[in-house]
Every structure is written in C-alpha cells, then in structure tokens.
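# Tertiary structure, described
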Amino acid sequence: NPDKIQVISLLSTVDGHLTKEKFQQILPLDNYEFYICGPSSFTQVTYSLLRQSLGIRDDRIFAEAFGPSALKREPDDNFSPPEPLVPAATTPQHVRFAKTHFDTQWEPEKSGSLLELAEAHGIQVSYACRLGNCGTCVTKILKGSVTYATPLAAAADIEDAHCLLCQAVPVEQEVLELDL
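This text gives an overview of the structure that appears in the document.

## Some points on the overall build of the chain
From N to C terminus, the chain includes 5 helices and 9 strands. Counted from the first residue to the last, the chain has its helices and strands arranged as α-α-β-α-β-β-β-α-β-β-α-β-β-β. Taken across its 180 residues, the chain has 33% of its residues classed as buried. Excluding contacts between residues fewer than 6 apart, the proportion of contacts in the chain whose partners are at least 24 apart in sequence is 56%.

This is the structure:
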C-alpha cells in the first residue's frame, strides 16, 4: 500500500550528515520502522544513531550494506517479542456506538477497521494518518475487546480500555461498545 510507506533519500554531500535533530525534523512521529541502505560505515553510524540517540528498538531497524555487511547489532535490554495477537472475529459482531446511540454489525471481509465502520454509518471520528501512528483516533472501549491487523498497532502505547480505531477490529464476543 503506497500510503503506508515513505521513502526519504538524503545525500550527505547536499543535505549534510544525519543527526538526531535531522531525524526528528524529518520524522516528527516516532512509530516507524527504519530501512537503512548504504556503505557499511554509513549503515553502522545510522544504526548507532537510531539506537543510542533516538532509542529505537533493534527489531524496528533493518539494514542492507553495499558490499560485505559489518553491522554490529545491539540487543534490546528487557525486550520480549509481543504476544501473539488475538484473532479477529470470523463471524458478524454487534458493535454499539454509545454516544450516538447507534448499533450495527461489523462483518469480516466487508467492514474493514472500526474507523471505516463508523464512517460508513456517518459517525464522525477524529483521525489523521489511518496507519496507527498518530494516535488521533484513540477511542475508549466501554465493553468488549478488539485486536489489530498488525503487531505494530498492537504494540502502540495507548491507555488500557482504549483502541486505535483505524487499525482495530472486533474479536468474537457478544457486544463491542465504543465511546463514540
């Protein structure tokens, strides 16, 4: 999906060397995966900058060196892989939008995310990126549970009993009630 990837090319002779400040200027949000490609010295310097200056987890950094690879990875302290995601519902699910007093059915393969379901029924939801990066669509879950299509969205730092509507789908349950 072209909306989910952004390629940023920098030429050090024109743009200068990468710095913490340059990364923060180019990428104001911090929910990214990084793909580094270049000579091994560039790859190592960029990797170290991401790890040490910006605190990016090792599992979010991918690298390919021109010529022999010499990338020395640093293991994450206290890192454990995310728990497997709960499967999405495979049958239609009752969804209640509490504030608007609207009930509908979410249908696998048809309804998409909970944001798309809300929009399809004219329910106004704040959102910005639709990728789970910005957090604008965070919504309180009043009853029930959701899961996510990607582990990246599931790992987002949001409050308990809340979800990212743009990435969330219901799990098998009686009713999912959202504070919308």
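There is more to say after this.
## Points about the pattern of salt bridges
Applying the stated criterion across every chain, the model contains 5 salt bridges. For the salt bridge of D59 with R57, the shortest nitrogen-to-oxygen distance reads 3.0 Å. Assessed through its relative accessible area of 32%, D59 is described here as partly exposed. When its relative accessible area of 33% is taken as the criterion, R57 is described as partly exposed. In this structure, a network of salt bridges that share partners links the residues R96, D103 and E177.

## A word on the nonpolar core
Core analysis: the largest hydrophobic core is formed by 23 residues, its most contacted members being V95, F97, L114, V146, C163, L165 and L178. Counting only elements with at least two residues in this core, the list comes to β3 (93-97), α4 (114-120), β6 (146-148), β7 (162-164), β8 (168-170) and β9 (175-178). The contact partners of V95, leaving out residues within four places of it in the chain, are F102, D103, T104, W106, L114, L117, P170, L176 and L178. Formed by 9 residues, the second largest nonpolar core is a distinct cluster that contains F23, L27, Y47 and I61.

## Some details on the sheet that holds strand β5 (residues 138-143)
Judged by pairing direction, the sheet is mixed, and its 5 strands sit side by side in the order β4-β3-β9-β5-β7 without closing on themselves. The sheet is open, and its two borders are formed by β4 (102-106) and β7, each paired with just one other strand. On average, each strand axis in the sheet is inclined to that of its neighbour by 35°, with strand direction left out of account. Here β3 pairs with β9 via 4 bridges, running parallel. By the bridge assignment for β9, H94 is matched with V175.

About the criteria used
- Residues numbered from 1 in each chain as written.
- Predicted model: local features only at pLDDT ≥ 70, side-chain atom pairs only at ≥ 80, totals over all residues.
- Heavy atoms only, no water.
- Helix = DSSP H or I, 4+ residues; strand = E, 2+ residues; numbered from the N terminus.
- Buried < 20%, exposed > 50% of the residue type's maximum accessible area, 1.4 Å probe, protein only.
- Contact = heavy atoms within 4.5 Å.
- Salt bridge = Lys/Arg side-chain N within 4 Å of Asp/Glu carboxyl O.
- Core = buried A, V, L, I, M, F, W, Y, C linked by side-chain atoms within 4.5 Å.
- Pairing = 2+ DSSP bridges.
- Axes fitted to C-alpha atoms, helices over the stretch in contact; angles between N-to-C directions.

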